[in-house]
Amino acid sequence: MEQIVRKYADMVYRLACSQAQNRSDAEDIFQEVFLRYLRSAPEFASEEHRRAWLIRVTINCAKKLRASAFVRHTVPLEVELPFKTEESLALYSELRRLPAADRAVLHLFYYEDQSVREIAHLLHKKESSVRSQLTRARQKLRKLLKETDYV
């Protein structure tokens, strides 16, 4: 179990951060994913299947958290985030303004190097839907960045 956590911790945490509203929610998602892994002790045919399972569970845990009454009725605290450049902070801020579904496909495509086919499989969508969603998410992000004069 320790090897699996070490191998996939960064990926799960990055994805949780992209889906959560704050660091503590991302940490809760991270813990829930690995608790589910520990409890279910799934057997996988390959490492790619294990990776896909962890991604899918992370997305599901994030959706469950967003749907909870507690999260819907609270206001996130303002937190200083340590970014090295102003552009990195601006990109992060604008990504946070996108809907969670758009953040998910952008994150999986750009940060986790998932293909459109893999994303479609993970999100239970058609490939054409994922391509369209990626295009729309890029357009939304571009528009947000233009509004703040970063493009």
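Residues numbered from 1 in each chain as written. Predicted model: local features only at pLDDT ≥ 70, side-chain atom pairs only at ≥ 80, totals over all residues. Heavy atoms only, no water.

1. A few points about the nonpolar core
Among the nonpolar cores identified, the biggest contains 36 residues, and I29, V33, L54, I55, L106 and L108 are the most heavily contacted of them. The set of elements that each furnish at least two residues to this core consists of α1 (2–19), α2 (23–40), α3 (47–67), α6 (100–110), α7 (116–123) and α8 (127–147). Contacts of L54, omitting those with residues within four sequence positions, involve Y8, M11, V12, V33, F34 and Y37. (Core = buried A, V, L, I, M, F, W, Y, C linked by side-chain atoms within 4.5 Å. Buried < 20%, exposed > 50% of the residue type's maximum accessible area, 1.4 Å probe, protein only. Helix = DSSP H or I, 4+ residues; strand = E, 2+ residues; numbered from the N terminus. Contact = heavy atoms within 4.5 Å.)

2. Here we look at the side chain of R51
On the secondary structure map, R51 appears in helix α3. A residue is classified by how much of its surface remains accessible, and R51, at 18% relative accessible area, is buried. A distance of 3.0 Å separates a polar side-chain atom of R51 from the backbone oxygen of E112. In this structure R51 touches Y8, M11, E112 and Q114, once residues within four positions along its chain are discounted. (Polar contact = N/O pair within 3.5 Å; in protein donor to acceptor, adjacent residues only side chain to side chain.)

3. Observations regarding the packing of aromatic side chains
A ring pair, where both rings are aromatic, is described by two values, the distance of the centres and the angle of the planes. One pass over the structure, following the stated rule, counts six aromatic pairs. Where Y13 meets F30, the ring centres are 6.2 Å apart and the plane angle is 80°; that geometry is what we call edge-to-face. With a gap of 17 residues between them, Y13 in helix α1 and F30 in helix α2 connect regions that are remote in the sequence. The exposure class assigned to Y13 is partly exposed, which follows from its relative accessible area of 27%. Looking at F30, the relative accessible area reads 21%, which means it is partly exposed. For R138, the ring lying beneath its charged end belongs to F109, and the centroid distance is 5.3 Å. (Phe/Tyr/Trp six-rings, centres within 6.5 Å; stacked < 30°, edge-to-face > 60°. Lys NZ or Arg CZ within 6 Å of the ring centre and 35° of its normal.)

4. With respect to a nonpolar patch on the surface
On the surface, a nonpolar cluster with roughly 270 Å² of combined accessible area is contributed by M1, L35 and L38. Position of L38 relative to the elements: it lies in helix α2. (Patch = residues over 30% accessible without salt bridge, like charges linked within 9 Å, V, L, I, M, F, W, Y side chains within 5 Å. Areas by Shrake-Rupley, 256 points an atom, 1.4 Å probe, with all protein chains shown as cover. Salt bridge = Lys/Arg side-chain N within 4 Å of Asp/Glu carboxyl O.)

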